[in-house]
Amino acid sequence: MANKTAFQARFREAMREAVRKFLAEEELPEPAAGEALFTVIEDLALDAGDAVSLEVFDQRLAQLPPEPATCPHCGADGQRVRQRDRTLTTRRGLDVPLAEQQCYCPGCRRAFFPSLQGTRAGRRLSLQPGGDEEGRPLRRPRE
Ligand SMILES: [Zn+2]
């Protein structure tokens, strides 16, 4: 399992190559009247950072296994009833769409969201394939 620093170095190298290839094939947009070329480059760089961040979230969130549907009140297995879409704001300030499972406990007659109980939305998401940030393997989805 790769450690975080080595993974980040490889990811940065992959991004460097992708940017080099893209910039070799594309011309920068013309600056507007009175706009500095630096501003054009800065805007492109900021947009590129956001685009890469959103792509990482999009690809990694889709692979997260579902949280167990365990009732937070009685501990019984709940029923998965539907998904709701919500938006998560990252530490960078990006809004990331997130599909969240709503569950229902017949015993307690209450709805609950396992991802909120398990703090999935609050825990740091791993960029590393196949494991979390401590290197533990991700749980397989229960089907
Ligand atoms: Zn319950």
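Use the structure listed above.
Below you will find a few notes about this structure. (Residues numbered from 1 in each chain as written. Predicted model: local features only at pLDDT ≥ 70, side-chain atom pairs only at ≥ 80, totals over all residues. Heavy atoms only, no water.)

**Description of helix α1 (residues 4-25)**
Link 1 in the chain: The first and last C-alpha atoms of α1 sit 32 Å apart over 22 residues, in line with the 32 Å expected at 1.5 Å per residue.
Link 2 in the chain: Of the residues that open α1, the one with a side-chain oxygen 3.1 Å from the backbone nitrogen of T5 is N3. (Helix = DSSP H or I, 4+ residues; strand = E, 2+ residues; numbered from the N terminus. Expected span 1.5 Å × (residues − 1). Polar contact = N/O pair within 3.5 Å; in protein donor to acceptor, adjacent residues only side chain to side chain.)

**Section: the packing of aromatic side chains**
Link 1 in the chain: Applying the stated rule across the entire model yields 1 aromatic pair.
Link 2 in the chain: Ring centres of F7 and F11 lie 6.2 Å apart, and the angle between their planes is 15°; this geometry places the pair in the stacked category. With F7 and F11 both in helix α1, this residue pair falls 4 residues apart, about one helical turn.
Link 3 in the chain: One cation-aromatic arrangement involves R84 over F113; the distance from NZ or CZ to the ring centre is 3.6 Å. (Phe/Tyr/Trp six-rings, centres within 6.5 Å; stacked < 30°, edge-to-face > 60°. Lys NZ or Arg CZ within 6 Å of the ring centre and 35° of its normal.)

**Here we look at the coordination of the zinc ion**
The textbook angles at a metal center are 109.5 degrees for a tetrahedron of four donors and 90 or 180 degrees for an octahedron of six.
Link 1 in the chain: Protein ligation of the zinc ion involves C71 (SG), C74 (SG), C105 (SG) and C108 (SG), the donor distances falling in the range 2.3 Å.
Link 2 in the chain: Given 4 donor atoms and angles of 106 to 115° at the metal, the environment of the zinc ion is assigned as tetrahedral.
Link 3 in the chain: Of note, the donors binding the zinc ion are all from one chain and are spaced C-x2-C-x30-C-x2-C. Here C105 lies in strand β2 (residues 95-105) and C71 lies in the loop between α2 (37-61) and β1 (79-89), a separation of 34 residues in the sequence. Assigned by exposure class, C71 and C105 land together as buried. (Donors = N, O, S within 2.8 Å, 3.2 Å for Na, K, Ca; no water. Tetrahedral: all angles 85-135°; square planar, octahedral: opposite > 155°, others 65-115°. Buried < 20%, exposed > 50% of the residue type's maximum accessible area, 1.4 Å probe, protein only.)

**Re the sheet that holds strand β3 (residues 110-112)**
Link 1 in the chain: Pairing within the open sheet is antiparallel, and its 3 strands lie in the order β1-β2-β3. Only two strands of the sheet have a single neighbouring strand rather than two, namely β1 and β3. Across the sheet, the mean angle from the axis of one strand to that of its neighbour is 25°, orientation sign disregarded. (Pairing = 2+ DSSP bridges. Axes fitted to C-alpha atoms, helices over the stretch in contact; angles between N-to-C directions.)

**Focus: unusual backbone geometry**
Link 1 in the chain: Residues other than glycine seldom take positive phi values, yet R109 does so here, at roughly 55°.
Link 2 in the chain: As for its placement among the helices and strands, R109 is situated in the loop between β2 and β3.
Link 3 in the chain: Overall, R109 belongs to the exposed group, its relative accessible area being 68%.

**Comments concerning the environment of P31**
Link 1 in the chain: Relative to the assigned elements, P31 resides in the loop between α1 and α2.
Link 2 in the chain: Residue classification places P31 among the partly exposed residues on the basis of a relative accessible area of 29%.
Link 3 in the chain: Residues within four places of P31 in sequence aside, it is in contact with A36, L37 and V40. (Contact = heavy atoms within 4.5 Å.)

These figures come from the coordinates and say nothing about function on their own.
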